[in-house]
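As a plain string of letters, each chain reads:
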Amino acid sequence: DTNAPLLKVDNLESFYGPIMAIRGVSLEVKEGQIVTVLGANGAGKTTLLKTISGVMDPEKGTVRLQGSEIQGSAPDAVVNRGVVHVPEGREIFPILTVEENLKMGAYTRSDHAQIAADMELVYDYFPILKERRTQEAGTLSGGQQQMLAIGRGLMTKPRIMLLDEPSLGLSPLLVGEIFTIIRRLNEEQNVTMMLVEQNAKVALEVAHYGYVLELGRIVMSGEAKKLQQSKDIQEFYLGAQ
Ligand code: ATP
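Read on for a plain summary of the structure. Worth saying up front: this structure is predicted, and the values here are computed from it rather than measured.

Some details on the environment of Asn-199
Along the chain, Asn-199 falls in the loop between strand 8 (192-197) and helix 8 (200-206). Taking the C-alpha atoms as reference points, Asn-199 and Leu-168, 31 residues apart in sequence, are found 8.3 Å from one another. Residue contacts for Asn-199: discarding those within four places in its chain leaves Ser-167 and Val-175.

Okay, structure coming up:
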């Protein structure tokens, strides 16, 4: 089935001890799309991404990549299938250089010529990382660390990138810059994106399709353009007056 989604999540449930953080989530991401999952603090966005990327095991439900089930797989195995999680809070290696961080992204790969080519590709998209390649990553600005986190994710050669709040803590100018690059990576490098965001405004501008997560459940979904028009979205997520 060529129209099958690249990523399909069905009835997923994830717990922290007795606390059910993901309460039966179903969603899909079609190849080539940017799909956003919007939600407030504590809605379960990070938990959802951790469960997809194998950092957490679900209690129930399935995660399918091109039809084959990957839930419960180890994180490395999920990366090798082409799914990379770019965590929030930057989570780069602060005492390694920029270039060493990028190389860490490719640690499961052995195609050395292609790794070097991919490093150049990352530097094409983020010239500031090339300028700073010998600098310790911990000395970068917040925006540059976010760029490095995305760059490191690209070094895994992903088919789908799971981006956890790339706008977090950045100025509007930097948010615009990073989202422009996210859109270019989608269009020019054919990287499918699942973008988890509190910043509904920017997320709906780049996304094709969106879901709204509240208290671990999907409460609304639709084409991004439709969601932008929705009164509820405007009131609760876009801060319309
Ligand atoms: P944020 O934007 O704050 O990261 P989020 O939408 O990503 O929010 P999650 O971090 O996935 O939300 O949290 C979902 C729920 O699970 C919240 O109620 C949170 O308090 C709870 N939770 C998250 N991490 C843990 C943990 N390690 N132990 C117990 N409960 C947790």
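Having seen it, we continue.
Regarding the sheet that holds strand 1 (residues 7-16)
With respect to topology, 4 strands assemble into an open sheet ordered 2-1-4-5, the strand pairing being antiparallel. Since the sheet does not close on itself, it has two edges, and those belong to strand 2 (19-29) and strand 5 (68-69), each with one partner. Against the sheet, helix 1 (residues 45-52) engages strand 1, strand 2 and strand 4 (60-65), with an angle of about 115° to strand 1.

Examining the sheet that holds strand 3 (residues 34-38)
Strand order across the open sheet formed by 6 strands is 6-7-8-3-9-10, with mixed pairing between neighbours. Edge positions in the sheet fall to strand 6 (83-86) and strand 10 (217-223), since each of these pairs with one other strand and no more. Between one strand axis and the next, the sheet turns by 15° as a mean value, whatever way the strands run. As paired elements, strand 6 and strand 7 (residues 160-164) share 4 bridges and run parallel to each other. Note that in strand 7 the partner of Val-83 across the bridge is Ile-160. Along the sheet face, helix 1 touches strand 3, strand 6, strand 7, strand 8 and strand 9 (209-214) and points at about 150° away from the line of strand 8.

Considering the packing of helix 3 (residues 98-105) against helix 4 (residues 112-125)
Two numbers describe how helix 3 lies on helix 4: the axes approach to 11 Å, and their chain directions differ by 125°. Taken together, helix 3 and helix 4 sit at an angle that is classed as oblique. Here helix 3 and helix 4 pass one another in a crossing that is right-handed. Residues Glu-99, Leu-102 and Lys-103 of helix 3 pack against Met-119, Val-122 and Tyr-123 of helix 4. Classifying every residue of the contact of helix 3 with helix 4 by side-chain character gives 4 nonpolar, no polar and 2 charged.

Brief notes about the environment of Thr-46
With respect to the helices and strands, the residue Thr-46 is situated in helix 1. Under the relative-accessibility criterion, Thr-46 is labelled partly exposed at 22%. Sequence spacing of Thr-46 and Leu-163 is 117 residues, and the spatial spacing of their C-alpha atoms is 9.6 Å. Not counting the four nearest positions on each side in its chain, Thr-46 is found in contact with Glu-88 and Asp-164.

Calculation criteria
- Residues numbered from 1 in each chain as written.
- Predicted model: local features only at pLDDT ≥ 70, side-chain atom pairs only at ≥ 80, totals over all residues.
- Heavy atoms only, no water.
- Helix = DSSP H or I, 4+ residues; strand = E, 2+ residues; numbered from the N terminus.
- Contact = heavy atoms within 4.5 Å.
- Pairing = 2+ DSSP bridges.
- Axes fitted to C-alpha atoms, helices over the stretch in contact; angles between N-to-C directions.
- Parallel < 35°, antiparallel > 145°, perpendicular 65-115°, else oblique.
- Left-handed = near helix turned anticlockwise from the far one by under 90°.
- Nonpolar A, V, L, I, M, F, W, Y, C, P; charged D, E, K, R; others polar.
- Buried < 20%, exposed > 50% of the residue type's maximum accessible area, 1.4 Å probe, protein only.

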